[in-house]
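Structural description and commentary
Here is what each chain is made of, one letter per residue.
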Amino acid sequence: MACAVDLEFELDGDVWPQGPSGLHAKAGRRPIVQRVEGRLNARELLDRFRAVRDQWYSPQLARFVEGIERQLEHELRMSQDGERLAASGPAPASPGAPSPAPQAAALTQRLHLWHPDVWWMAPLVRRQDTPLNMRLPLADNAQALVQELAEQLPAAWRRRRVTVQLEVETHVYWGGCGLRDPDGDGPEIWSPCSFRGDGVGASEDILQFKRGKVRWLVPVEEAAAVRVRRTLRPGVGLLVAVPIISFERQEGSIGWCLRLAQRLLRRLGWKRPWVDRDPTFERRLRSDEAYWAQALGMPLPTEAELAQAVKTGARLAPASRPATAHRPPAQAGVTMAHVVLLHGGLTSARSSWAAWLPEDPSAASAGLWRGLPMLDGHCVWRFEHDTFLRVARNVDQLVDALERQVLGAAERGTLVLLAHSRGGNVARFALPRLRQRWPQWTICALTAGSPHLGTMVFRQIGRRWAGLSVLLGVFRDVASDVLDARQNTDLLILERALAYDIPPGFKDVEPSGVARMAKDQSWPEGLIAWGSQWAPERGLPLDGRFWHRLVEDLGGLEADGDGIVPLHSSAPQGLPEVYDASPVFHTGYFAHPPTVAQIRAALQRALSGAGG
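I will try to describe carefully the structure that is included in this document. Small disclaimer: the values here were computed from a predicted structure and weren't measured. (Residues numbered from 1 in each chain as written. Predicted model: local features only at pLDDT ≥ 70, side-chain atom pairs only at ≥ 80, totals over all residues. Heavy atoms only, no water.)

1. Observations concerning the pattern of salt bridges
- Using the criterion set out here, one finds 23 salt bridges in the structure.
- With a closest N to O distance of 3.0 Å, R315 and E289 form a salt bridge. Taken as a pair, R315 in strand β11 (residues 314–318) and E289 in helix α7 (residues 281–296) lie far apart in primary sequence, 26 residues in all.
- Judged by relative accessible area, E289 falls into the buried class, the value being 3%.
- Among the ionic pairs, R412 bridges to E411, the shortest N-O distance being 3.8 Å.
- Taken together, the shared-partner salt bridges connect R50, R53, E69 and E73 into one network. (Salt bridge = Lys/Arg side-chain N within 4 Å of Asp/Glu carboxyl O. Helix = DSSP H or I, 4+ residues; strand = E, 2+ residues; numbered from the N terminus. Buried < 20%, exposed > 50% of the residue type's maximum accessible area, 1.4 Å probe, protein only.)

This is how it looks when you write it as structure tokens:
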């Protein structure tokens, strides 16, 4: 459907090298952007590129331009008749085409997407992997914008609370790839390549409809020219930008009342959770407890203890031999030092810190923490928790478990929270609670790859592959007799992600969820963060790497931070101590020697002088 308001596309000019080695553009000229009315298919995109390539790129870039053209030709061949869309997004209906209802059904519970019929093309010539800032002027008249958005609302949502956000889906056809200079003081090197990388950049929430009334969530003047930020690798390529305006239905009064009732019942002692739970939590817990019991020479937890942990969604347990012998002090005046590990979403302490642990637990007799031996001499604990639960509930469970099992009545000591990914959000919001409860303690949090400003990874996956959720559901139904319980639960989680049925605990680490929890609070004291701008290893062909294909081309998360969390979110400005772990992937922080050395130094500073 065409957009009634003017919808333009602007790019920051400081990321566009111009002159003999770059684009055909004069100094001071705005970056080149070609507006395309309607939607491009593979044939049209190739024809348009051939018509402008000599005008856009200088002769020195010819071999990289050839790589772009090869990828466009490959996509045309793959589309058979040339009418397949060059980029994702629903194609206009054609006679005999299958109904789009299944894909729509996957999203209509919470999410509605509007794809205006306007795309843009632009050349990319980048020497640095600095953020690519995009700006989309929507309308000079705010009332016209509101009217246009209101008309796109599903009829059933007109009386609901709906939040509106602008997104830009980017598709880059790369012909030259920039490899990061390891010393950081030399020029970037462009290597010829030919592949496509996709990603999504999102604005802040723009406005909210509530029972037909509008509440602006940003100043009106900002809404007229919404800013979207994306991080791209250095290189030479062709950018295709696709606007998407999303409408997300918010929780209604019934959902709010259910959560209030649940909170009241829990205070009265009713323990059964009315919450979304991770169906794989118990499986990981049982498997890992056997590993830790053998590695530490301690008995397995009883069935009653495991059942309680599964029921509540949390378990604090030893992860070093000194911790197995520890008992919480019953009186004040005791000084102690402890390290607590907090894993990320759908993982565990064992899998998150696998690079530091022996694969065979029987090999731990000479020391369990081979990747960081200093941990063997301290009380180390692991907080195994259900990441489908709210971050606030994870925080409550962590604080309660520390008081009951670890800290007790001790007035002084040192506590270090070492966290990965979503676990860093739990650590961040636990810091004020812990300091309030134990004001004389030295408490800090070391976080790696944590979305302190949020991540859109779950939303991006849901957008890009929403149609597959229906197919996965059909497959699970048909194959239920031959799939075991583990395979069924894994497929169920994947199906939910693809249908944008995101658990509350993952919604809490989206930008809006983090902002809601932070409530404009300043960064807590003692928060240290590591982030990364992921890049494939130097010298290896990018288009031949499995992870590149999986994460960037298929997942649609091209070079955006560590592949899961943007760099500006995992290593935010404003923290006094931030480290760049580039170019590691999201799961590689604890296998990256420079980062491990920095974590070791931070731990030594925090634990120096404290009792073991």
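2. A closer look at the nonpolar core
- Among the nonpolar cores identified, the biggest contains 39 residues, and F9, L149, L166, I206, F209 and F247 are the most heavily contacted of them.
- Counting residues per element, the ones that place at least two in this core are β4 (118–126), β5 (131–137), α4 (142–152), β6 (161–179), β7 (189–210), β9 (225–231) and β10 (235–249).
- Considering each element in turn, this core owes the most residues, seven residues, to β6.
- Ignoring anything within four residues of it in the chain, the contact list for L149 reads W114, V164, L207, F209, I245 and F247. (Core = buried A, V, L, I, M, F, W, Y, C linked by side-chain atoms within 4.5 Å. Contact = heavy atoms within 4.5 Å.)

3. Here we look at the sheet that holds β11
- Taken in spatial order, the seven strands of this open sheet run β11-β13-β12-β14-β15-β16-β17, and their pairing is mixed. Looking along the sheet, the strands with just one partner apiece sit at the ends: β11 and β17 (578–580). Averaged over neighbouring strand pairs, the angle between their axes works out to 15 degrees when direction is ignored.
- With three bridges connecting them, strand β16 (residues 527–531) and β17 associate as parallel partners. Within β17, the position partnered with A529 by the bridge is V578.
- Helix α12 (residues 422–437) rests against β12 (335–342), β13 (379–385), β14 (412–420), β15 (442–448) and β16 of the sheet, and its axis sits at about 160 degrees to β14. (Pairing = 2+ DSSP bridges. Axes fitted to C-alpha atoms, helices over the stretch in contact; angles between N-to-C directions.)

4. Some words on unusual backbone geometry
- A cis amide bond links S582 to the next residue, P583, at an omega of 10 degrees.
- By the element assignment, P583 lies in the loop between β17 and α20 (593–607).
- The backbone phi angle of L346 is positive, close to 55 degrees, even though this residue is not glycine.
- Examined against the element boundaries, L346 turns out to sit in the loop between β12 and α10 (349–352).
- Take L346: its relative accessible area is 30%, and that puts it in the partly exposed class.
- One non-glycine residue with positive phi stands out, namely S421, at about 55 degrees.
- Counting through the fold element by element, S421 comes out in the loop between β14 and α12.
- Given a relative accessible area of 11%, S421 falls into the buried group.

5. Examining the packing of aromatic side chains
- According to the stated counting rule, one finds 10 aromatic pairs in the structure shown.
- Where Y291 meets W292, the ring centres are 5.6 Å apart and the plane angle is 90 degrees; that geometry is what we call edge-to-face. Residues Y291 and W292 agree in their burial class; the two are buried.
- Between W292 and W369, the aromatic rings sit 6.2 Å apart at their centres with planes inclined by 40 degrees, giving tilted as the arrangement. Here W292 is found in helix α7, whereas its partner W369 is found in the loop between α10 and β13, with 77 residues between them in sequence. One exposure class covers both W292 and W369, and it is buried. (Phe/Tyr/Trp six-rings, centres within 6.5 Å; stacked < 30°, edge-to-face > 60°.)

6. What about a positive patch on the surface?
- Together, R159, K210, R211 and R215 line one region of the surface with positive charge.
- Tracing the backbone shows R159 in the loop between α4 and β6.
- Residue classification places R159 among the exposed positions, given a relative accessible area of 55%. (Patch = residues over 30% accessible without salt bridge, like charges linked within 9 Å, V, L, I, M, F, W, Y side chains within 5 Å. Areas by Shrake-Rupley, 256 points an atom, 1.4 Å probe, with all protein chains shown as cover. Lys, Arg positive; Asp, Glu negative; His and termini not counted. Charge placed at Lys NZ, Arg CZ, Asp CG, Glu CD.)

7. Examining the sheet that holds β5
- The three strands lie next to each other as β1-β5-β9, forming an open sheet whose pairing is antiparallel. Strands with a single pairing partner mark the edges of an open sheet, and in this sheet they are β1 (10–11) and β9.
- As judged from the seven bridges shared by β5 and β9, these two strands associate in the antiparallel manner. By the bridge assignment for β9, N133 is matched with R229.

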